[in-house]
Amino acid sequence: QLQLVESGGGLVQPGGSLTLSCTASGFHLDFHAIGWFRQAPGKDREGVSCISSSAGGNTKYSDSVAGRFTIARDDASNTVYLQMNSLKPEDTGVYYCAAASLCLSLVPGPPYDYWGQGTQVTVSS
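What counts and what doesn't
- Residues numbered from 1 in each chain as written.
- Predicted model: local features only at pLDDT ≥ 70, side-chain atom pairs only at ≥ 80, totals over all residues.
- Heavy atoms only, no water.
- Pairing = 2+ DSSP bridges.
- Helix = DSSP H or I, 4+ residues; strand = E, 2+ residues; numbered from the N terminus.
- Axes fitted to C-alpha atoms, helices over the stretch in contact; angles between N-to-C directions.
- Buried < 20%, exposed > 50% of the residue type's maximum accessible area, 1.4 Å probe, protein only.
- Contact = heavy atoms within 4.5 Å.
- Disulfide = S-S within 2.5 Å.

Enquirer: Describe the sheet that holds strand β8 (residues 79–84), naming the residues involved and giving the relevant values.
Expert: Taken in spatial order, the four strands make up an open sheet running β1-β3-β8-β7, and their pairing is antiparallel. At either margin of the open sheet sits one strand with a lone partner, and together these are β1 (3–7) and β7 (69–74). Each strand of the sheet is rotated relative to its neighbour by a mean of 15°, with strand direction disregarded. Both β7 and β8 contribute to a ladder of six bridges, which runs antiparallel. Bridge pairing in β8 places F69 opposite M84.

Structure, rendered in structure tokens:
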């Protein structure tokens, strides 16, 4: 019923760009903050970015992606995007989106209550 689905992952060369999508079904994203997280093989999940609900305008980025990634939302399509530019091999991992009440932190877990299944991003030369 209620789910988030990530898409747009794939293989890209270093320096390239990729756009990920997080689409909600069963509920509207208008009143939710959405966070993007990633997990590399053998490593803990880490926060990448988040965006507040439509009533707000707050965004956050991890230091590792600030200036390269851009998060945006399109409420008409119930989708949040993550535009990734200047990709590096260390950006490789499974990317997840999750819904929360507010964009207050990039720490995985509560209050991020709804999670997608992830989409693989591989940056390789």
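Moving on, there is more to tell.
Enquirer: Summarise the environment of G10; cite the residues concerned and give the values.
Expert: By the secondary structure assignment, G10 is in strand β2 (residues 10–12). With a relative accessible area of 25%, G10 lands in the partly exposed category. Along the sequence, G10 and L82 sit 72 residues apart, while their C-alpha atoms lie 14 Å from each other. The residues contacting G10, other than those within four sequence positions of it, are L18, Q120, V121 and T122.

Enquirer: For the state of the cysteines, give the residues involved together with the corresponding values.
Expert: Chemically, a disulfide is nothing more than a covalent bond linking the sulfur atoms of two cysteines. Considering all chains together, one arrives at two disulfides under this definition. One disulfide bridge connects C22 with C97, the sulfur atoms lying 2.1 Å from each other. Disulfide C22-C97: the torsion about the S-S bond is 75°, which places it as right-handed. Of this pair, C22 sits in strand β3 (residues 18–25) while C97 sits in strand β9 (residues 93–100), and the two are 75 residues apart along the sequence.

That's the geometry; what it means functionally is another story.
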